[in-house]
Amino acid sequence: MRITIACVGRAGRAKHDAAQALIASYRERLPWAVDIREVEDKKTAGSVAERKQREADLLRAACPKGAVLVALDEHGRNLASRDFAQQIGQWRDNGEAELAFLIGGADGLDPALLAQARLKIAFGAMTWPHLLARVLLLEQLYRAWSLLNNHPYHRD
């Protein structure tokens, strides 16, 4: 299974950030290939809706063609780790080789892009910084892999 994390962010973010170290750690542990593609809308003009649409275009372009789109959205479903793993396992077993997780900008994802996602998930009711959302996602992907492979990492 190949995973893409397409996220809105600023290019050139500090490489020695604590969140970056956690991201690297989970990427190394995870047997699935994970590609993090950061996109940046450099235009400042326009409304929030226009910015979200421009970000959506950049995010779509960053995703592999045919990938299952999963949006991280504050209004998404709160899944238990086992349920998240089961969903990934179902996609894997149905022959889906590419998953693309979408993390929007400060104002969230464009409604049209959200409508394209097969699954919308939230990491609870709290708001998380974008870098920590990446860490949380990677940890849950590692946990999903461990559950699907009967590895002892996850404990109920």
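Model, not experiment: these values are computed from the prediction. (Residues numbered from 1 in each chain as written. Predicted model: local features only at pLDDT ≥ 70, side-chain atom pairs only at ≥ 80, totals over all residues. Heavy atoms only, no water.)

Student: Please explain the packing of helix α1 (residues 18–29) against helix α5 (residues 130–148) as it appears in this structure.
Tutor: The relative placement of two packed helices is expressed as an angle between their axes plus a distance between the axes. Between α1 and α5, the shortest axis-to-axis distance is 9 Å and the interhelical angle comes to 20 degrees. Judged by the angle between their axes, α1 and α5 are roughly parallel. In the packing of α1 onto α5, the handedness of the crossing is left-handed. The segment α1 lies against α5, with Ala 19, Gln 20, Leu 22, Ile 23, Tyr 26, Arg 27 and Arg 29 engaging Leu 131, Arg 134, Val 135, Leu 138, Glu 139 and Tyr 142. Looking at the contact of α1 with α5, its residues break down into eight nonpolar, one polar and four charged. (Axes fitted to C-alpha atoms, helices over the stretch in contact; angles between N-to-C directions. Helix = DSSP H or I, 4+ residues; strand = E, 2+ residues; numbered from the N terminus. Parallel < 35°, antiparallel > 145°, perpendicular 65-115°, else oblique. Left-handed = near helix turned anticlockwise from the far one by under 90°. Contact = heavy atoms within 4.5 Å. Nonpolar A, V, L, I, M, F, W, Y, C, P; charged D, E, K, R; others polar.)

Student: Explain the packing of aromatic side chains to me, please; I cannot follow it from the model alone.
Tutor: The geometry of an aromatic ring pair is captured by two quantities: the separation of the ring centres and the angle between the planes. Inspection of every chain in the model, using the stated rule, returns four aromatic pairs. Lying over the aromatic face of Tyr 142, Arg 29 brings its terminal NZ or CZ to 5.4 Å of the ring centre. (Phe/Tyr/Trp six-rings, centres within 6.5 Å; stacked < 30°, edge-to-face > 60°. Lys NZ or Arg CZ within 6 Å of the ring centre and 35° of its normal.)

Student: For this particular structure, what's the right way to read the sheet that holds strand β2 (residues 33–39)?
Tutor: Where strands meet in a sheet, backbone hydrogen bonds hold them as pairs that are either parallel or antiparallel. Strand order in the open sheet made by the five strands is β2-β1-β4-β3-β5, with parallel pairing throughout. Only two strands of the sheet have a single neighbouring strand rather than two, namely β2 and β5 (119–121). Averaged over all neighbouring strand pairs, the angle between strand axes comes to 25 degrees, with direction disregarded. Strand contacts of α5: β1 (2–8), β2, β3 (68–77) and β4 (98–103), with the helix running at about 165 degrees to β1, the strand carrying the most contacts. (Pairing = 2+ DSSP bridges.)

Student: Hey, could you run me through the environment of Ala 115 in this one?
Tutor: Here Ala 115 lies in helix α4 (residues 111–116). Each C-alpha atom, one on Ala 115 and one on Gly 66, is 15 Å from the other, the two residues being 49 residues apart in sequence.

Student: Is there a simple way to explain the side chain of Asp 41 in this structure?
Tutor: As for its position among the elements, Asp 41 is in the loop between β2 and α2 (48–62). The class of Asp 41 is buried, set by a relative accessible area of 18%. In terms of polar contacts, Asp 41 uses its side chain to reach the backbone amide nitrogen of Lys 43, at 3.2 Å. One polar contact links Asp 41 to Arg 54, side chain to side chain, over a distance of 2.8 Å. Not counting residues up to four positions away in its chain, the partners in contact with Asp 41 are Arg 51, Arg 54, Glu 55 and Leu 58. (Buried < 20%, exposed > 50% of the residue type's maximum accessible area, 1.4 Å probe, protein only. Polar contact = N/O pair within 3.5 Å; in protein donor to acceptor, adjacent residues only side chain to side chain.)

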